[in-house]
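Spelled out, the chains give:
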2 protein chains.
Amino acid sequence: MKKIILIYGASLAVLVFLLKYLEYQFFAKDLALEFYLAVIAMLFTGLGIWAGFRLTRPKGVVIKMSADFVFNERELERLGISKREHEVLEWMAKGLSNQEIADKLFVSLNTVKTHTSNLFLKLEVSRRTQAIQKAKELSLIP
Amino acid sequence: MKKIILIYGASLAVLVFLLKYLEYQFFAKDLALEFYLAVIAMLFTGLGIWAGFRLTRPKGVVIKMSADFVFNERELERLGISKREHEVLEWMAKGLSNQEIADKLFVSLNTVKTHTSNLFLKLEVSRRTQAIQKAKELSLIP
DNA sequence: CTTGAAATCATCCTTTCGGGTGAAGGCTTT
DNA sequence: AAAGCCTTCACCCGAAAGGATGATTTCAAG
């Protein structure tokens, strides 16, 4: 923010200087008024465009609550992912550990590990973070 | 786009008309040159701001391929996440292991581990999958 | 009834993660 | 100069994850 103010201040200073110089030229060398005006107009138009550019840049806080998720059943079938595996995948994507998923689904840790292993094979990945990524790309999960 | 051009053209026409009127007043009523200049400057600054606004906010007609992700710098600052940590976060979200990230950034595995640990503290999570999730919610990463 | 897929659980072993702690060098601010 | 943050790296330890393999049960389809 400080930077912007500095740049703006500097620009203004330069502009004022230019204007004064042009004003001098105007009276000294009898330049056409139109030329003088054109230069001023262009300069301030440029300044305005720049200012508008800065002003319209939101710089943050855009929260999107898109709920437009269409479940891709074809991909599921194509990859041969079973219902249970898909369930595990969903919990995995929510950041749960294998143990926590096991507790959620009332099965043993080993079972979840088996499911995750199979998932990794079917999704052709080797880590859960990659699995989540790929699953989202394929619209297997929201 | 045609609309914008039309409006811009119309505005220019009006401005020119105004200028000519002012020019007449200038010579006829002996207004101060400074006043004349100030009016011109303000007008064109306003025009520029409007143009900049239009240019940066196409509002529709532009085909945007990339996802509408607006980087949330405020959250980053609020959470006190450094540039390097954010960088690690990005690679983490792409499914890379700590070792792979270390290779990408040309630092040691230990360094990456330090960054991830700090990230987990700052994001108030305990697993990388959760960190990725939270970072996405906060628009820290696409 | 047999076959096969799905779901369940297990064991063994290796790699990766996560947590804790410490520390050195660089850069900025006070 | 001193304080503070960032970045870098190190070591240790336990927990979690991943890979390989095998086994049992259930259930639907051939």
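Residues numbered from 1 in each chain as written. Chains lettered and ligands numbered in written order. Predicted model: local features only at pLDDT ≥ 70, side-chain atom pairs only at ≥ 80, totals over all residues. Heavy atoms only, no water.

A. Broad picture of the confidence of the model for chain A. Residue and element names in this part refer to chain A. With 54% of its residues at a pLDDT of 70 or more, chain A shows a mean pLDDT of 75. Between the elements of chain A, mean pLDDT differs from a low of 53, seen in helix α1 (residues 2–29), to a high of 96, seen in helix α6 (residues 109–123). Taken as a whole, residues 1–10 scores under 50 in pLDDT and shows six contacts with residues more than four places along the chain or in a different chain. Below a pLDDT of 50 lies the segment residues 57–65, which in the model reaches 13 contacts outside its immediate sequence neighbourhood of four places, other chains included. (pLDDT = per-residue confidence, 0-100. Helix = DSSP H or I, 4+ residues; strand = E, 2+ residues; numbered from the N terminus. Contact = heavy atoms within 4.5 Å.)

B. View of the environment of Val 107 of chain A. Structurally, Val 107 of chain A is set in the loop between α5 (98–105) and α6. When its relative accessible area of 27% is taken as the criterion, Val 107 of chain A is described as partly exposed. (Buried < 20%, exposed > 50% of the residue type's maximum accessible area, 1.4 Å probe, protein only.)

C. Looking closely at the packing of aromatic side chains. Taken as a whole and assessed by the stated rule, the structure comprises zero aromatic pairs over all chains. Positioned above the aromatic ring of Trp 91 of chain A, the side-chain terminus of Lys 94 of chain A is 4.8 Å from the ring centre. (Phe/Tyr/Trp six-rings, centres within 6.5 Å; stacked < 30°, edge-to-face > 60°. Lys NZ or Arg CZ within 6 Å of the ring centre and 35° of its normal.)

D. Spatial organisation of the protein's contact with DNA strand D. Taken together, 17 residues sit near DNA strand D, with Lys 113 and Arg 128 of chain A together with Ser 82, Val 107 and Ser 108 of chain B positioned nearest. Within 4 Å of the protein, atoms of DNA strand D come from sugar and phosphate in 66% of cases. Measuring from a base nitrogen of DNA strand D, one finds a side-chain N or O atom of Thr 114 of chain B at 3.0 Å. Among the secondary structure elements, those contributing two or more residues to the surface near DNA strand D are α6 of chain A together with α4 (83–93) and α6 (109–123) of chain B. Per element, the largest residue contribution to the surface near DNA strand D is four residues, and it comes from α6 of chain B. For the surface near DNA strand D, the per-class residue count stands at two nonpolar, nine polar and six charged. (Near = heavy atom within 4 Å. Polar contact = N/O pair within 3.5 Å; in protein donor to acceptor, adjacent residues only side chain to side chain. Nonpolar A, V, L, I, M, F, W, Y, C, P; charged D, E, K, R; others polar.)

E. Molecular detail of the pattern of salt bridges. Residue and element names in this part refer to chain A. Throughout the structure, instances matching the rule amount to eight salt bridges over all chains. Of the charged contacts, one joins Arg 78 and Glu 75 as a salt bridge, the two residues approaching to 2.8 Å between their closest N and O atoms. Taken together, the residues Arg 78 and Glu 75, both in helix α3 (residues 73–79) and three residues apart, mark about one turn of the helix. A residue is classified by how much of its surface remains accessible, and Arg 78, at 58% relative accessible area, is exposed. Residue classification places Glu 75 among the buried positions, given a relative accessible area of 15%. Linking Glu 87 and Arg 84 is a salt bridge whose minimum nitrogen-to-oxygen distance equals 3.2 Å. Here Glu 87 pairs with Arg 84, and both are found in helix α4 (residues 83–93), just three residues apart, close to one helical turn. Assessed through its relative accessible area of 28%, Glu 87 is described here as partly exposed. (Salt bridge = Lys/Arg side-chain N within 4 Å of Asp/Glu carboxyl O.)

F. Quick look at the protein's contact with DNA strand C. Around DNA strand C, the structure places 17 residues, and the nearest of them are Ser 82, Ser 108 and Asn 110 of chain A together with Lys 113 and Arg 128 of chain B. Within 4 Å of the protein, the contacting atoms of DNA strand C are drawn from sugar and phosphate to the extent of 68%. In the model, a phosphate oxygen of DNA strand C is placed 3.3 Å from a nitrogen or oxygen of the Asn 110 of chain A side chain. Here a phosphate oxygen of DNA strand C and a backbone polar atom of Asn 98 of chain B are 3.0 Å apart. Per element, the largest residue contribution to the surface near DNA strand C is four residues, and it comes from α6 of chain A.

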